Amino acid sequence: MRYRMTVIGTGYLGITHAACMAELGHQVLGLDIDADRVRRLGDGELPIHEEGLAELLRRGLASGRLRFTTDYREAADFGDVHFLCLGTPQRKDGPAADVSQLDAAVDALAPHLTRPCLVVGKSTVPVGTAARLADRLRTLAPAGEDVDLAWNPEFLREGHAVRDTLAPDRVVLGVRTDRAERTLREVYAPLGEVPVVVTDHATAELVKAAANAFLATKISYINAMAEVCEAADADVVRLAEALSYDDRIGGRFLRAGLGFGGGCLPKDIRAFRARADELGAGRALSFLGDVDAINLRRRARVVELARELVGGSFEGRRIAVLGAAFKPDSDDIRDSPALDVAAAIGARGGAVAVYDPAALDNARKAYPELGYATSATEAARGAHAVLLLTEWREFAELTPGRLEPLVAARNLVDGRNVLDPAGWRAAGWNYRSLGRR
Ligand code: UGA
C-alpha cells in the first residue's frame, strides 16, 4: 500500500527521508518554514552534499510523487502520515537538547488535523518527548483522540544517508496502538526484509540515544587507548587491529585519531546525560562525561603536537589544515574537530590555510577569520606544518614527494592515522600522530 505522507523539516534527515519515501512509491509532501529552501528543493537543488541524494530528489520531483511546501494547512489536508524530522541541537545555555523546533512544528500542524492520522517522530529527542507531544496533539488537534503518535528513530549516517534509509539494518517502532504499527509496517514494506523492533515510545526514544552513546564511547575508548599508547610508546593502530579480530569487539568505530564531531554524537551524549540527570539516573551515565572529555582532549593534543613541531609558538608560522568537514564525504561542519583545531591555532597567532574538497563554503561562513586555500597543495605552500584532520581519500593518498617542494618545513600531523609513518619518516618528515610512536 502506498501512502500520502508529509515530511516536516527538510534538514539532512528530512530531505533524505522525503526523497527515499517517494522512491519507495509513496506520495510525499515535504514541509519547511524556510521558503527559500522550499523553493530550491522544488527546483531540484540539493542544499547539502550527500551521495546519491540529488538524483533521488530529481527523480521524485519528476515522478510527481515528491513536492515541497511551507503551508501547514496543505500538509494536514494532504497527509495520512506526518513524519517529524526537525533538528534537536544542543541548547545554547547548557548541555540539554533544544526541542523547540519540534514543539513549534507540532503546534503549527495540530490545529489543522481534522481527520484521523498518524504523526511519526523521527528526530533524536530526550526520552519522554513522545509522550508529551502525544498529549499536546490530542489537546490541540480538532480530531483529538484520532491523532495517533509513534516514535521511529532514524539511524542514518551522513555520507551513507540514502543507503541507510533504503537498506536500514533495523527499523524501530515505538507505538501505542496496533493501528500505528500496521501503518508503519506498510509504509516500510517496500524495503523488503528488515528486522523490526516494536516497542513503546520511551524505549524507542532511548534506542537512538543509547546507540549514539555506544558509538561515541567506542571511539573515545580507542582514543583513551591512544593516550596510553602515547605514554607507553606503543601503537594504537596495531592495538585496534588486534582487538578487531575478536568479533565480540569488532573493528568498526575503532579508528583512533582526532575523535568524533558532527551534528549528532557530541550533542546527543550531552543531551542524554542531561536527561538522565533530570530523571534521577544521572550516575548511570556519568561515564559519558569522560567520553566527551577524552574526545575533546584529542583536539587539544593535535594543537599541542603542531605547536611543538613548529618550534613552540604559532606566531609567524603557516599551518596547512587539510579538512574542514567533520568527516569525509560530507560538507557538514557542525562541531567539526578539524575546524576547532584550525580556530585554536588561529587564535594562538598561527596563519592557517584550510582546504576541504566539499566543506569550504560552509567553513568560510562559520569561520571567516581563518585563511582558506583552493587545493591541498595550495594550502601546503609555505607551510611550517601540515595537519591532516579529516580523512578525505585525496588526503590519505598524498605522498611526501608531492608536498615536499611546497612546504617551508617537513612537519606533519596525521590526525586520523591514515598515512604510512615509515614512508613519511624515510622521506625526512617529522611525522606525528595520535597514539602512534
Ligand atoms: C552518527 C551515527 O553513526 C548514526 O548512526 C546516527 O544516525 C547519526 O549520528 C545521527 O544521530 O543522526 P554521523 O554523525 O553521520 O552518524 O557520523 P559517524 O559516521 O557516526 O561519525 C561521527 C564522528 O565520529 C565523525 O567525526 C568521525 O570522524 C568520527 N569517528 C568515527 C572516529 O573518530 N573514529 C571512528 O572509528 C569512527
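Structure: see above.
Treat the numbers as computed from the prediction; the structure is a model and nothing was measured.

Colleague: Help me get a handle on the pattern of salt bridges, residues and values and all.
Modeller: As enumerated under the stated definition, the model contains 36 salt bridges in all. With its nearest N and O atoms 3.0 Å apart, the salt bridge here joins Glu-74 to Arg-67. A salt bridge links Arg-301 to Glu-230; the shortest N-O distance between them is 3.2 Å. Here the residue Arg-301 occupies a position in helix H12 (residues 287–309), and Glu-230 occupies one in helix H9 (residues 201–232), the gap between them amounting to 71 residues.

Colleague: Let's hear about the packing of H9 against H12: which residues, and what values?
Modeller: One way to put it is that H9 packs onto H12 with a least axis distance of 9 Å and a crossing angle of 55°. When the axes of H9 and H12 are compared, the pair comes out oblique. Crossing handedness for the pair H9 and H12: left-handed. Contacts between H9 and H12 involve Ala-213, Ala-216, Thr-217, Ser-220, Asn-223, Ala-224, Ala-226, Glu-227 and Glu-230 from the former and Phe-287, Leu-288, Val-291, Ile-294, Asn-295, Arg-297, Arg-298 and Arg-301 from the latter. Its residues placed into classes, the contact of H9 with H12 shows 8 nonpolar, 4 polar and 5 charged.

Colleague: Quick one: what's the story with the site of the ligand, residue by residue and with numbers?
Modeller: Among the 21 residues in the neighbourhood of the ligand, the closest are listed as Phe-155, Leu-156, Glu-158, Asn-212 and Arg-255. Between the ligand and Phe-155 there is a distance of 3.0 Å, counted from an oxygen atom to a backbone nitrogen or oxygen. Here an oxygen atom of the ligand sits 2.8 Å away from a polar atom, N or O, in the main chain of Leu-156. Contact with the protein chains hides 93% of the accessible area of the ligand, taken as 720 Å² for the molecule alone. Of all elements in the fold, only H9 and helix H11 (265–278) reach the threshold of two or more residues within the shell around the ligand.

Colleague: Give me empty space enclosed by the protein: which residues, what numbers.
Modeller: Inspection of every chain in the model, using the stated rule, returns 3 cavities of 30 Å³ or more. Volume-wise, the largest cavity comes out at about 120 Å³. Lining the largest cavity are 14 residues, and of these Val-125, Pro-126, Ala-209, Ala-271 and Phe-272 sit closest to its centre. Residue assignment for the lining of the largest cavity shows that the elements contributing at least two residues are H9 and H11. Here the element with the most residues in the lining of the largest cavity is H11; it accounts for 5 residues. Residue classes in the lining of the largest cavity are distributed as 8 nonpolar, 2 polar and 4 charged. In this structure, the lining of the largest cavity is formed jointly by two domains, domain 1 (4–199) and domain 2 (200–437), each of which donates at least three residues.

Colleague: A description of the sheet that holds strand S10 (residues 351–355) should follow, citing residues and the corresponding values.
Modeller: Pairing is parallel across the open sheet formed by 6 strands, whose spatial order is S11-S10-S9-S12-S13-S14. The two strands at the open ends of the sheet, each matched to only one other strand, are strand S11 (371–372) and strand S14 (430–433). Alignment of strand S9 (residues 318–322) against S10, held across 5 bridges, turns out to be parallel. By the bridge assignment, Val-321 is partnered in S10 with Val-354. Here helix H13 (residues 337–347) sits on the sheet in contact with S9, S10 and strand S12 (385–388), set at roughly 160° to S10.

Colleague: Talk me through the packing of aromatic side chains; I want residue IDs and the actual numbers.
Modeller: All told, the structure shown has 2 aromatic pairs when counted by the stated rule. A ring pair is formed by Tyr-355 and Phe-395, whose centres lie 6.0 Å apart and whose planes are at 70°; its orientation type is edge-to-face. A residue pair is termed long-range when its members are at least 10 positions apart, and Tyr-355 in strand S10 and Phe-395 in helix H16 (residues 393–396) qualify at 40 residues. When sorted by exposure, Tyr-355 lands in the same class as Phe-395, which is buried. Measuring from ring centre to ring centre gives 5.1 Å for Trp-424 and Trp-429, while their planes differ by 80°; the resulting arrangement is edge-to-face. What makes Trp-424 buried here is its relative accessible area of 4%. Here Trp-429 falls in the buried class, since its relative accessible area comes to 3%. Stacked on the ring of Phe-78, the Lys or Arg Arg-67 has its end atom at 5.4 Å from the ring centre. In this arrangement the basic side chain of Arg-170 is found over the ring face of Phe-155, its NZ or CZ atom lying 3.6 Å from the centre.

Rules behind the numbers
- Residues numbered from 1 in each chain as written.
- Predicted model: local features only at pLDDT ≥ 70, side-chain atom pairs only at ≥ 80, totals over all residues.
- Heavy atoms only, no water.
- Salt bridge = Lys/Arg side-chain N within 4 Å of Asp/Glu carboxyl O.
- Helix = DSSP H or I, 4+ residues; strand = E, 2+ residues; numbered from the N terminus.
- Axes fitted to C-alpha atoms, helices over the stretch in contact; angles between N-to-C directions.
- Parallel < 35°, antiparallel > 145°, perpendicular 65-115°, else oblique.
- Left-handed = near helix turned anticlockwise from the far one by under 90°.
- Contact = heavy atoms within 4.5 Å.
- Nonpolar A, V, L, I, M, F, W, Y, C, P; charged D, E, K, R; others polar.
- Near = heavy atom within 4 Å.
- Polar contact = N/O pair within 3.5 Å; in protein donor to acceptor, adjacent residues only side chain to side chain.
- Areas by Shrake-Rupley, 256 points an atom, 1.4 Å probe, with all protein chains shown as cover.
- 1 Å grid on protein atoms, 1.4 Å probe; cavity = no way out; pocket = protein on both sides within 12 Å on 5 of 7 lines; lining within 4 Å.
- Points joined across faces, edges and corners; volume = space filled by probe spheres on them.
- Domains from an automatic or database assignment.
- Pairing = 2+ DSSP bridges.
- Phe/Tyr/Trp six-rings, centres within 6.5 Å; stacked < 30°, edge-to-face > 60°.
- Buried < 20%, exposed > 50% of the residue type's maximum accessible area, 1.4 Å probe, protein only.
- Lys NZ or Arg CZ within 6 Å of the ring centre and 35° of its normal.

All we've got here are geometric facts, nothing functional implied.
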